[in-house]
Amino acid sequence: MDLVAVTAFGILYAIATLVLLALGLAVIFGMMGVINLAQAEFLMLGAYTVLVVTARGASVWVGIAVAPLVVGLVGVLIERTIIRFLYGRMLDTMLATWGLSLALVGAVTLAFGPTTEGIATPLGHFTIGRYSIAQYQVFVMAMALGSLALTWGLFNYTRFGLVARATMQNAGMVAGLGVNPARVYMGTFAFGAALAGLGGAVMAPLTGVVPTLGLAFIAKIFITVIVGGPVILLGTTTAGTVLGLVESLVSYASTPIYGQVAMLAFAIVLLRLLPQGISGFWRRGV
Amino acid sequence: MTAARLAWAVAVLALAALPLVLSLFQVVRLTVFMIFCLLALSLDLIWGFGGILSFGQAAFFGVGGYAYGVAGINTGVTALALVAGAVAAAVLAALLGYFTFYGRVGAMYFAVITLTVTLILHQVIGSTADPRYAIGAARLGGYNGMTNIPSLALELPGRPPLLLDPVPLFYAVAALLVAILAAGAALVRSRFGRVLAAIREDEQRTELLGYDVRWRKLVVFVLSGAVAGLAGGLFAGWGNFINPQVFSLSQSALVVIWVMVGGRGTLYGAIAGAFAVQFLTSYLGAASVTYTSVALGLILIVIVLLFPRGLLPGVLAVARLLLPRPSPALPEES
């Protein structure tokens, strides 16, 4: 009985991390159509922000609060200097952000060194029967739900969200109504970057902080968003649930490496059957 | 036509004469550059002519190398191992291509999927450090790599195998490069190649004209995978060693950079790009891997922003604008 509860908790946790990490990409890629291969480096920058803040003596929570702001600013900078010249040229965007990803990993390695730095995990443990579980994992789940709700609320119930969705559909019309589309693109990109920064910061105490941190996640988050399909939030959540389930079940049965292989293979077969992604046949919306 | 043949003849003769004037070290280095040229060629074949950007060429290269190692260590027949390398990579390309092209996955998704396959192969092969991960006598060796891979040898029936030391290996690789370049050029000029160019220009229109686009994309992807696998096999035989680094992000980026520097869609450009970048990095190479990664990244960004058609074609176009053109003789007015 306890074992079942713990396993279920583990699966839920795997799903929550996948959603938390993929959410920023879902906004940038799913909504804006920008394939940002440097997305995983935004996660890494978020994690480094926590590292820097805690090294100054502040608590992890301060770091997690600051990280979205820092990475959001980095997002603005990158959008202004690189991405904005490449809207509509998807392959070129992809190549440029790939270069950005290599350069960011290299630059952070030069600045902080190639070693893995640990951050002490805050909060204690609670027990289910004979098993002990970190409370921080519950916090991660809460953050995943929270950022999902925030994104959903922002795009559905605010003026910015309305304008952003309109801009993605018809930028010319929006410009005709007196809104500058370039600003909206910048804001949306920055929001996606900030979400990634938050995700990386929340995961930092669990994964350790290393310049190549993003490598472990980039394959996963792209698969999740691609499988999710055009309805970005619900699609990403559904894909995260399905793929997280496959990954954690296979990981329990063998090793985490095979869990990833199974997840990728499952995703490729799924795309053969549903080329538009899971939400391809749903009514469109955010 | 005759001028093109003359250029070919001069190039082949120059290549043949190189080992006579270069030091042994330079011959060995040039050999590996030519192997990289093959890899660049494989990407240009699918990207420049089929219009399909694959980030997975490094994966096929690596799979080819590992297959060469496994087959070479177990059978000792290196010609067979080389074939195994090309076939293994072709099979992976066929599997991947079937699911993506027949699933009508978009070009962007295709690029991302090939990238994720490469990254996951990196982790999978890296996790095989334990001695129980062995195929026959060949230990995969995790991040330490696979060692004791046999060098390429010429095995004729009824004779002891003749090990190819640096200079014969140089000629063997050069011959393969020229042969595959010629085959690629012929393929591009053939009927199949023309349909391929049509797919690159407008996939939907080509399909509406009655051509099976999926099948043709699959064929060119498998061919390109086989060439990359062959290059990987040659690489493993050249260095007697292969490790998961071949699946890394920077290695995948390098292949794309070679083709972007040389300009895509010419085959020769890919080769020129691979040579140029590799010479440059081996001269700058004293610096650490970290600097290389920063430099590679910045090069990619700059090329994409400033020379979207490729660096060499861009520079040539600028040069053509700046140089005073010989004014054509005007017909005299009567």
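Residues numbered from 1 in each chain as written. Chains lettered and ligands numbered in written order. Predicted model: local features only at pLDDT ≥ 70, side-chain atom pairs only at ≥ 80, totals over all residues. Heavy atoms only, no water.

Novice: What is the right way to read the overall build of chain B from this model?
Specialist: Secondary structure assignment for chain B yields 13 helices and four strands. By the compact-globule yardstick of 20 Å for 334 residues, chain B fits well, its C-alpha radius of gyration being 21 Å. Along the longest, intermediate and shortest principal axes, the C-alpha atoms of chain B span 85 × 50 × 45 Å. Residues classed as buried in chain B amount to 49% of the 334 residues present. Restricting to contacts in chain B with at least 6 residues of sequence separation, those with at least 24 account for 77%. Of the roughly 15,900 Å² of accessible surface on chain B, a fraction of 69% belongs to carbon and sulfur atoms. Side-chain charges of chain B comprise 18 positive and 11 negative groups, with the mean position of each set lying 3 Å from the other. (Helix = DSSP H or I, 4+ residues; strand = E, 2+ residues; numbered from the N terminus. Rg over C-alpha atoms; globule rule 2.2 N^0.38 Å. Buried < 20%, exposed > 50% of the residue type's maximum accessible area, 1.4 Å probe, protein only. Contact = heavy atoms within 4.5 Å. Areas by Shrake-Rupley, 256 points an atom, 1.4 Å probe, with all protein chains shown as cover. Lys, Arg positive; Asp, Glu negative; His and termini not counted. Charge placed at Lys NZ, Arg CZ, Asp CG, Glu CD.)

Novice: How do you make sense of the overall build of chain A when you look at a structure like this?
Specialist: Along chain A, the regular secondary structure elements total eleven helices and two strands. For chain A, the N- to C-terminal ordering of α and β elements is α-α-α-α-β-β-α-α-α-α-α-α-α. Principal-axis analysis of the C-alpha atoms places the extent of chain A at approximately 65 × 50 × 35 Å. Sequence separation of 24 or more characterises 76% of the internal contacts of chain A that already satisfy a separation of 6 or more. Carbon and sulfur atoms form 68% of the exposed surface of chain A, whose accessible area is close to 11,600 Å².

Novice: Is there a simple way to explain the interface of chain A and chain B in this structure?
Specialist: Each side of the interface is counted separately: chain A has 41 residues, and chain B has 42 residues. Interface of chain A and chain B: buried area, both sides summed, is about 3,800 Å²; carbon and sulfur atoms make up 82% of it. Taken together, the connections running from chain A to chain B amount to zero salt bridges. Linking chain A with chain B are one residue pair in polar contact (both at pLDDT 80 or more). The set of elements that each furnish at least two residues to the side of chain A that touches chain B consists of helix H4 (90-112), helix H9 (215-228) and helix H11 (256-273) of chain A. If you tally residues by element for the side of chain A that touches chain B, the top one is H4 of chain A, at 16 residues. (Buried area = accessible area lost by both parts, 1.4 Å probe. Salt bridge = Lys/Arg side-chain N within 4 Å of Asp/Glu carboxyl O. Polar contact = N/O pair within 3.5 Å; in protein donor to acceptor, adjacent residues only side chain to side chain.)

Novice: Mind showing me how you'd approach the nonpolar core here?
Specialist: Burial of nonpolar side chains together is a common tendency in soluble globular proteins. Among the nonpolar cores identified, the biggest contains 182 residues, and Leu37, Ile64, Leu95 and Trp98 of chain A together with Phe55 and Trp258 of chain B are the most heavily contacted of them. The greatest single-element share of this core, amounting to 17 residues, is contributed by helix H2 (residues 24-49) of chain B. Sequence-distant contacts of leucine 37 of chain A, defined by excluding residues within four places in its chain, comprise Met94, Thr97, Trp98, Ser101, Ile218 and Phe222 of chain A together with Phe55 and Leu115 of chain B. Of all hydrophobic cores here, the second largest spans 17 residues; its members include Leu23, Leu148, Phe155 and Val174 of chain A. (Core = buried A, V, L, I, M, F, W, Y, C linked by side-chain atoms within 4.5 Å.)

Novice: Is there a simple way to explain unusual backbone geometry in this structure?
Specialist: Peptide bonds are mostly trans, and most non-glycine residues show a negative phi. Residues and elements named next belong to chain B. For asparagine 240, which is not a glycine, the phi torsion comes out positive at approximately 55°. By the element assignment, asparagine 240 lies in the loop between helix H9 (213-239) and helix H10 (249-262). Phi at leucine 267 is positive, roughly 65°, even though this residue is not glycine. Considering the arrangement of structural elements, one finds leucine 267 in the loop between H10 and helix H11 (268-284). Accessibility expressed as a relative area gives 4% for leucine 267, which makes it buried.

Novice: Can you help me understand the environment of glutamine 39 of chain A in this one?
Specialist: Residues and elements named next belong to chain A. Residue placement: glutamine 39 occurs in helix H2 (residues 39-55). For glutamine 39, a relative accessible area of 0% puts it in the buried group. On a C-alpha basis, the gap between glutamine 39 and alanine 96 in space is 12 Å, while along the polypeptide they are 57 residues apart.

Novice: Is there a simple way to explain the pattern of salt bridges in this structure?
Specialist: For side chains bearing opposite charge, pairing can occur when the charged atoms are close. All names here are of chain A. For the structure on display, the rule yields six salt bridges over all chains. Its salt-bridge partner being glutamate 79, residue arginine 80 comes within 3.1 Å of it at the nearest N-O pair. Among the residues examined, glutamate 79 registers a relative accessible area of 0% and is labelled buried.

Novice: Please clarify how H11 of chain A should be interpreted in this entry.
Specialist: The α-helix advances 3.6 residues per turn, and as a result positions three or four apart in sequence lie on the same side. Compared with an ideal rise of 1.5 Å per residue, which puts 18 residues at 26 Å, H11 of chain A spans 26 Å between its outermost C-alpha atoms and is within 8% of the ideal. Summarising the contacts, the buried residues of H11 of chain A are in contact with helix H1 (2-31), H9 and helix H10 (232-253) of chain A together with helix H4 (78-101) and helix H5 (107-126) of chain B. (Expected span 1.5 Å × (residues − 1).)

Novice: Mind showing me how you'd approach the pairing of strand E1 (residues 125-128) of chain A here?
Specialist: The two faces of a sheet get side chains in turn, since along a regular strand they alternate between them. Residue and element names in this part refer to chain A. Here E1 runs beside strand E2 (residues 131-134); their pairing, made up of four bridges, is antiparallel. Note on E2: the bridge partner recorded for phenylalanine 126 is isoleucine 133. Remark: two residues form the turn of the hairpin made by E1 and E2, two consecutive strands paired antiparallel; glycine 129 in that turn has positive phi of roughly 60°. (Pairing = 2+ DSSP bridges.)

Novice: Any chance you could explain a nonpolar patch on the surface here in plain terms?
Specialist: A cluster of nonpolar side chains, namely Val83, Val87, Val91 and Leu95 of chain B, defines an oily patch on the protein surface of about 340 Å² accessible area. Tracing the chain through its elements places valine 83 of chain B in helix H4. (Patch = residues over 30% accessible without salt bridge, like charges linked within 9 Å, V, L, I, M, F, W, Y side chains within 5 Å.)

Novice: Looking at this structure, I do not really get the packing of aromatic side chains. What am I missing?
Specialist: For any pair of aromatic rings, the description consists of the separation of the ring centres together with the inter-plane angle of the planes. Residue and element names in this part refer to chain B. As enumerated under the stated definition, the model contains 28 aromatic pairs over all chains in all. Between phenylalanine 110 and phenylalanine 221 the ring centres are 5.3 Å apart and the planes differ by 75°, which places this aromatic pair in the edge-to-face class. Of the two residues, phenylalanine 110 is situated in helix H5 and phenylalanine 221 in helix H9; the sequence distance between them amounts to 111 residues. Judged on exposure class, the residue phenylalanine 110 and its partner phenylalanine 221 are both buried. Following the ring pairs from residue to residue traces out a cluster consisting of Phe36, Phe61, Phe235, Trp238 and Trp258. (Phe/Tyr/Trp six-rings, centres within 6.5 Å; stacked < 30°, edge-to-face > 60°.)

Novice: What should I look at first to understand the side chain of serine 101 of chain A in this one?
Specialist: Considering the arrangement of structural elements, one finds serine 101 of chain A in helix H4. Overall, serine 101 of chain A belongs to the buried group, its relative accessible area being 1%. Other than its neighbours up to four places away in sequence, serine 101 of chain A contacts Leu37, Ala38 and Glu41 of chain A together with Leu249 of chain B.

Novice: What is the right way to read the confidence of the model for chain B from this model?
Specialist: Segments scoring low in pLDDT should not have their predicted coordinates read at a detailed level. Residue and element names in this part refer to chain B. With 92% of its residues at a pLDDT of 70 or more, chain B has an overall mean of 84. Averaged pLDDT values over the elements of chain B bottom out at 71 in strand E4 (residues 162-163) and peak at 92 in H9. Overall fold confidence for the complex sits at a pTM of 0.82, while the interface term, ipTM, reaches 0.77. (pLDDT = per-residue confidence, 0-100.)

Novice: I keep staring at the packing of helix H6 (residues 166-189) of chain B against helix H7 (residues 191-201) of chain B and nothing clicks. Help me out?
Specialist: Relative orientation and spacing of two packed helices are given, respectively, by the angle between their axes and the distance between those axes. Residue and element names in this part refer to chain B. In the contact formed by H6 and H7, the axes pass within 4 Å of each other and the chain directions differ by 70°. On the basis of their axis angle, the class for H6 and H7 is roughly perpendicular. When H6 is examined against H7, the residues Leu187, Val188 and Arg189 are found in contact with a partner set consisting of Arg191, Phe192, Gly193 and Arg194. Taken together, the residues that form the contact of H6 with H7 break down as three nonpolar, one polar and three charged. (Axes fitted to C-alpha atoms, helices over the stretch in contact; angles between N-to-C directions. Parallel < 35°, antiparallel > 145°, perpendicular 65-115°, else oblique. Nonpolar A, V, L, I, M, F, W, Y, C, P; charged D, E, K, R; others polar.)

Novice: Which parts of the structure should I look at to understand the packing of H10 of chain B against helix H13 (residues 311-322) of chain B?
Specialist: Residues and elements named next belong to chain B. Where H10 contacts H13, the axes come no closer than 3 Å and their chain directions differ by 20°. Between H10 and H13, the angle is such that the two are roughly parallel. Across the interface between the two elements, Met260, Val261 and Gly262 of H10 pack against Leu311, Leu312 and Pro313 of H13. Of the residues contributing to the contact of H10 with H13, the split by class is five nonpolar, one polar and no charged.

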